[in-house]
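Listed below are the residues making up each chain.
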Amino acid sequence: MSEPSPLGLFGGTFDPVHVGHLRLAEEAAEALGLQRVRWIPAGQPRHRQNPCVTAAHRLRMVELAIAGNPRFELDPAEAESGEASYTVPTLQRLRAELGERRPFVLLLGADAYAGLPSWHRWQELFALAHLAVAHRPGFAVDVAALPGALQAEHAARCVPDNDIGALAAAPAGRILNFPMTPLAVSATQLRGLLAQGRSARYLLPQPVIDYIDLHHLYRSNNGS
Ligand code: ATP
């Protein structure tokens, strides 16, 4: 029986989804041999103002952004739950759905990786998935600047950037960095542009811009 191919998992607020997210997922799929990348927009905390627009809007924008890419698929469960989202329970759900053997590769930007110790039950992540961390070509994650507990995990689990075989060889537990085209774009910057009525063209997929325009998102403080 052939080994199941690694599945990429890409969570985020996606408020809104932008070209940095799309290139991260596309380049990860290509570089790491991921047959599929499952996008998992985060849910909406009930008692907090953030994110800026509802989970239903963010989910729909991701759906529009990834449409037509045969490698990409959408996981609406966190967004539809109406709750704050935590990655460990999501990975446990996916393990129950997809089995124990399939390699899971959780995709992260370097900034998110450095913040990992603030995540709920973060040390349980390594039993559930590999981590693949996007970095600028030529610039590894600054290991010395990571929080101490994460430094220790990093030292124990990190494999060389090009050792994608290590991801296929086990279902979880490795950390690998991968280069991506540097794109200094963020959702924060885009919300700022949109709030000022400025152009976000070519930084957001056109169907996402059309959706934002149609629903008057990010234009004012209506919070919808
Ligand atoms: P915000 O500005 O609201 O914090 P964001 O642009 O960082 O949002 P998120 O939805 O928080 O977007 O990010 C989801 C994931 O995508 C995170 O792992 C983050 O590190 C990564 N990411 C976001 N933008 C980029 C980018 N331009 N290049 C590489 N990774 C990115």
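Each chain has its residues counted from 1, running along the sequence as written. Reporting in this predicted model follows two pLDDT cut-offs: at least 70 for local features of residues, and 80 or more for side-chain atom pairs to be given and counted; totals over whole chains, interfaces and linings ignore these cut-offs and use all residues. The basis for every side-chain value is the complete set of non-hydrogen atoms in the structure, without hydrogens or water.

## Quick notes on unusual backbone geometry
Residue Pro16 is reached from Asp15 by a cis peptide bond, and omega for that bond is 5 degrees. By definition, any uninterrupted DSSP run of H or I lasting at least four residues is a helix, any uninterrupted run of E lasting at least two residues is a strand, and each is numbered from the N terminus. Assignment of secondary structure puts Pro16 in the loop between strand S1 (7-12) and helix H1 (19-32). For Tyr218, which is not glycine, the phi torsion reads 65 degrees and is therefore positive. Topologically, Tyr218 is positioned in the segment after helix H10 (206-215). Exposure is judged per residue with a 1.4 Å probe applied to protein chains only, and the accessible area is read against the type maximum: over 50% gives exposed, under 20% gives buried, and values in between give partly exposed. When its relative accessible area of 6% is taken as the criterion, Tyr218 is described as buried.

## Thoughts on the environment of Gly148
Mapping Gly148 onto the fold places it in helix H7 (residues 148-157). Along the chain, Gly148 and Pro117 lie 31 residues apart, while their C-alpha atoms are 9.4 Å from each other.

## A few points about the packing of aromatic side chains
Within 6.5 Å between ring centres, the rings of Phe, Tyr and Trp (the latter by its six-membered ring) count as paired, and their orientation is classed by plane angle as stacked under 30 degrees, edge-to-face over 60, tilted in between. All chains considered together, the criterion is met by 5 aromatic pairs. When the ring of Phe10 is compared with that of Phe14, the centres are 5.3 Å apart and the planes differ by 70 degrees; the resulting orientation is edge-to-face. Grouping residues by exposure puts Phe10 and Phe14 together as buried. Here the aromatic rings of Trp122 and Phe126 are separated by 6.1 Å at their centres, their planes lie at 80 degrees, and the arrangement is edge-to-face. Chaining the aromatic ring pairs together yields one cluster made of Phe10, Phe14, Trp39 and Phe72. For a ring to carry a charge above it, either NZ of a lysine or CZ of an arginine must fall within 6 Å of the ring centroid while also lying within 35 degrees of the normal to the ring plane. Positioned above the aromatic ring of Phe104 is the side chain of Arg95, whose terminal nitrogen or guanidinium carbon lies 3.7 Å from the ring centre.

## Concerning the site of the ligand
We call a residue near a molecule or strand when any one of its heavy atoms sits within 4 Å of it. Residues in contact with the ligand amount to 20 residues; listed here are only the nearest, His18, Asp111, Leu183, Ala187 and Thr188. At 3.0 Å from an oxygen atom of the ligand is found a main-chain nitrogen or oxygen belonging to Gly109. Side-chain atoms alone can form a polar contact between residues adjacent in sequence; in general such a contact is a pair of N or O atoms within 3.5 Å, and within protein one must be able to donate a hydrogen while the other accepts it. Within the side chain of Thr188, an N or O atom sits 2.5 Å from an oxygen atom of the ligand. Calculation of accessible area relied on Shrake-Rupley with a 1.4 Å probe; when residues are assessed, cover is drawn exclusively from the protein chains displayed. Here the ligand loses 79% of its free accessible area of 600 Å² to cover by the protein chains. Contributing elements (two or more residues each) for the shell around the ligand: S1, H1, strand S4 (104-109), helix H5 (110-114) and helix H9 (187-195). Each residue belonging to the shell around the ligand can be placed in one class, and the counts come to 9 nonpolar, 9 polar and 2 charged. Here the term charged refers only to Asp, Glu, Lys and Arg, the term nonpolar to Ala, Val, Leu, Ile, Met, Phe, Trp, Tyr, Cys and Pro, and the term polar to all other amino acids, Gly among them.

## Digging into the pairing of strand S5 (residues 130-135)
Counting buried positions over the 6 residues of S5 gives 6, a clear majority of the element. Across the two faces of S5 the burial is the same, with His130, Ala132 and Ala134 and Leu131, Val133 and His135 all buried. At least two DSSP bridges between two strands are needed for those strands to be called paired. Of the pairings in the sheet, the one linking S4 to S5 comprises 5 bridges and is parallel in character. Bridge pairing links Val105 to His130 in S5. Where S5 and strand S6 (residues 175-179) come together, 5 bridges link them in parallel fashion. Looking across to S6, one finds that Ala134 is bridged to Phe178.

## Here's the deal with the sheet that holds S1
Taken in spatial order, the 6 strands make up an open sheet running S3-S2-S1-S4-S5-S6, and their pairing is parallel. In this open sheet, the two strands that pair with only one neighbour each are strand S3 (72-74) and S6. Here the average twist between neighbouring strands, direction ignored, is 30 degrees. In this structure, S1 lies alongside S4, joined through 3 bridges in parallel fashion. In the strand pairing of S4, Gly8 is matched with Val105. Between N-to-C directions, angles cover 0 to 180 degrees, with each direction set by a line fitted to C-alpha atoms, over the stretch in contact for helices.

## Concerning the pattern of salt bridges
Only one rule defines a salt bridge in this text: a Lys or Arg side-chain nitrogen within 4 Å of an Asp or Glu carboxyl oxygen. All chains considered together, the criterion is met by 13 salt bridges. Of the charged contacts in the structure, one is a salt bridge between Arg38 and Asp75, with a shortest N-O distance of 3.4 Å. One end of the pair, Arg38, is in strand S2 (residues 36-41); the other, Asp75, is in the loop between S3 and helix H3 (77-81), with 37 residues separating them in the sequence. Like Asp75, Arg38 is buried.

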